[in-house]
Amino acid sequence: MTTRVRLAVFSSGLVLVAALLVDGVSNLPPFGRYAGPYGDIVARLVEPQRHMANAVTAVVFDYRGFDTMGEELILFAAASAVALLLREMRDHDTSDLVEGIRSDALRGVGALAAIVTFVLALQVVAHGFITPGGGFQGGVVLSAAFALVFLTNEYRAYNRLASSSFAEPVEALGAGGYVFLGLLALALGFGFLENFLPFGVTGRLRSGGSAAIVNWSSALAVSGGFALIFSEYLQENVAVRHGRVGK
Amino acid sequence: MTILPYLLAVWIFLVGLVGIVTSRNLIHLTVCVSICQSATYILLLAIGYKSHGTAPVFADIPTSRKVVDPVVQSLTLTDIVVAVAVSALLLALALKVFEAEGSLDPAEIAELKG
Amino acid sequence: MEPLQIVAMLYVALGALCVVLARDVVRQALVFSLYGFSLVVLFVVFQAPDVALSALVVSGIAYPLVLVGAIARCHGQRKGGGK
């Protein structure tokens, strides 16, 4: 089947799919008139019942914590698959690496920026139940702090900080910790992943109950997963060797 | 006018689909898959939107205030982060194909061998 | 529906088209990152700050690193992607 025939078949299929989709969305409730009761119920109950100020994080880690566990295990599986696929392509010879970054100013600013990003990431994760934030966003920012070290320093410094031998246990701890917390709630007589610690005061850092611990474990899992993915992609053959980029 | 965000989601999905079918580079194809995924985020958020509603964070507003739906926002936010990991997996597959065939062009890659 | 929302939606529609039409994958990585930023604006205007924060960190940090890392390991195969 030549390209032209394939494109012609696809175009007719595309018109059909477009008509179907447009007909489907035209029967939705008009934009701005959300009809369903579940969102209203959650928004009304999240503060008096759970003492959490951020309704979205409360839904992610408390009301729908089971779905988030599934998403995190998807992340875990994807990061493990990336490590599995790209692991044997690694070139272990680092003896002929030259220092690609020669500017001390860049290294200094990079180190400072990495530290600031690290603290910012912890702040984003910790304030998940008070302001917009939480484990997922903060986890990505945490992995970015390590990627900054790679971008502004040499590969050896990055390898010392965030090699896969360090990222894998962190990620496993995060993903496994999530499931362990659910089972712990079950063992204590509550439902799986039910919030079993005292809720605290709304708007304080200590609010959230056991969902706050779930928040931290998912931050660990996300940051470990991303650090693992980055360490597979940003490798020594992307660094400078004898003045040439690549192998 | 009232279904404009839904039509936007349909448009983005179809644009991504055209990009996938007519792509000549596997990395370009992976980015087009991400475009299709972003269409679903817009659809979800548009369904949960309420006119004159505000963000569902009650840090400084009373609970009686009208807010948009927090449930679809939670689905979207975990989805965005996980989609990156899945794209990284697709790119790893593209790298393995490049290693085996020497080309990233879907048309040049040999058909399924026996 | 406010005018700001309509403008944000138009930017997103234009951005999606530009991402698909970008032929060189390095350019496409950059345009995709900009498309992610226009999505962030759309999410903020749809009153979803958590989703906007998530999209911001992902399209500003995670996607460019992974894409450029993959491109660098397939050195020499940059073109392609048009009709």
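What counts, and at which threshold
Residues numbered from 1 in each chain as written. Chains lettered and ligands numbered in written order. Predicted model: local features only at pLDDT ≥ 70, side-chain atom pairs only at ≥ 80, totals over all residues. Helix = DSSP H or I, 4+ residues; strand = E, 2+ residues; numbered from the N terminus. Rg over C-alpha atoms; globule rule 2.2 N^0.38 Å. Buried ≥ 20, exposed ≤ 12 C-beta atoms within 10 Å, placed from the backbone. Contact = placed C-beta atoms within 7 Å. Nonpolar A, V, L, I, M, F, W, Y, C, P; charged D, E, K, R; others polar. pLDDT = per-residue confidence, 0-100. Expected span 1.5 Å × (residues − 1). Core = buried A, V, L, I, M, F, W, Y, C linked by C-beta atoms within 7 Å. Axes fitted to C-alpha atoms, helices over the stretch in contact; angles between N-to-C directions. Parallel < 35°, antiparallel > 145°, perpendicular 65-115°, else oblique. Left-handed = near helix turned anticlockwise from the far one by under 90°.

Draft legend 1. Spotlight on the overall build of chain B. Looking only at helices and strands, chain B features 3 helices and 0 strands. Of the regular secondary structure in chain B, the N- to C-terminal order runs α-α-α. Rg of the C-alpha trace for chain B: 19 Å, well past the compact-globule value of 13 Å for 114 residues, more than 25% over. Considering only C-alpha atoms, chain B reaches an extent of 65 × 30 × 20 Å along its principal axes. A total of 114 residues make up chain B; the buried ones form 58% of that total. Put simply, 55% of the contacts in chain B that link residues at least 6 apart link residues at least 24 apart.

Draft legend 2. Quick peek at the environment of Ser38 of chain C. Residues and elements named next belong to chain C. Mapped onto the elements of the fold, Ser38 is located in helix α2 (residues 25-45). Looking at Ser38, the number of C-beta atoms within 10 Å reads 21, which means it is buried. As a C-alpha pair, Ser38 and Tyr11 span 27 residues in sequence and 6.6 Å in three-dimensional space. Not counting the four nearest positions on each side in its chain, Ser38 is found in contact with Tyr11, Val12 and Gly15.

Draft legend 3. The interface of chain B and chain A, seen in detail. At the junction of the two partners, chain B supplies 41 residues and chain A supplies 45 residues. Looking at the side of chain B that touches chain A, the elements that each hand over two or more residues are α1 (4-21), α2 (26-47) and α3 (70-101) of chain B. Of all the elements, α3 of chain B adds the most residues to the side of chain B that touches chain A, at 17 residues. When the residues that make up the side of chain B that touches chain A are grouped by side-chain class, the tally is 30 nonpolar, 7 polar and 4 charged.

Draft legend 4. Spatial organisation of the confidence of the model for chain A. Here chain A averages 84 in pLDDT, while 87% of its residues score no lower than 70. When mean pLDDT is taken per element in chain A, helix α1 (residues 3-25) of chain A scores highest with 93 and strand β2 (residues 244-245) of chain A scores lowest with 49.

Draft legend 5. Spatial organisation of helix α5 (residues 104-126) of chain A. Residue and element names in this part refer to chain A. With 23 residues, α5 extends 33 Å between its outermost C-alpha atoms, agreeing within 8% with the 33 Å of an ideal straight helix rising 1.5 Å per residue. Where α5 is concerned, the buried positions are Ala114, Thr117, Ala121, Val124 and Val125. In the core, the buried residues of α5 are packed alongside α6 (135-152) and α9 (210-233).

Draft legend 6. Layout of the nonpolar core. Val140 of chain A, Leu45 of chain B together with Val66 of chain C are the most contacted members of the largest nonpolar core, which has 139 residues in total. The element contributing the most residues to this core is α3 of chain B, with 17 residues. In contact with Val140 of chain A, not counting residues within four places along its chain, are Val222 and Phe226 of chain A, Val81 of chain B together with Val57, Val58, Ile61 and Ala62 of chain C.

Draft legend 7. Focus on unusual backbone geometry. Of note in the backbone geometry, His51 of chain A takes a positive phi value of approximately 60° without being a glycine. Positionally, His51 of chain A belongs in the loop between α2 (37-50) and α3 (55-63). With 20 C-beta atoms counted inside 10 Å, the residue His51 of chain A sits in the buried group. Of note in this structure, His52 of chain B is not a glycine but carries a positive phi near 60°. Checked against the element boundaries, His52 of chain B lands in the loop between α2 and α3.

Draft legend 8. Highlighting the interface of chain A and chain C. Contact residues are listed per partner, giving 20 residues for chain A and 15 residues for chain C. At the level of elements, α3, α6 and α9 of chain A are the ones that each hand at least two residues to the side of chain A that touches chain C. A total of 6 residues in the side of chain A that touches chain C trace back to one element, the largest contributor, which is α6 of chain A. Classifying every residue of the side of chain A that touches chain C gives 14 nonpolar, 6 polar and no charged.

Draft legend 9. Region of interest: the confidence of the model for chain B. Residues with a pLDDT of 70 or more make up 96% of chain B, whose mean pLDDT is 90. As a predicted assembly, this complex carries a pTM of 0.90 together with an ipTM value of 0.89.

Draft legend 10. Just the packing of α1 of chain A against α1 of chain B, in detail. Viewed as axis vectors pointing N to C, α1 of chain A and α1 of chain B meet at an angle of 160°, and their least axial separation amounts to 10 Å. As judged from the angle between their axes, α1 of chain A and α1 of chain B are roughly antiparallel. The element α1 of chain A and its partner α1 of chain B pack so that their crossing is right-handed. Taking contact as the criterion, the partners of Phe10, Leu14, Ala18, Leu21, Val22 and Val25 of chain A in α1 of chain A are, on α1 of chain B, Tyr6, Leu7, Val10, Leu14, Leu17, Val18 and Val21 of chain B. Grouping the amino acids of the contact of α1 of chain A with α1 of chain B by side-chain chemistry returns 13 nonpolar, no polar and no charged.

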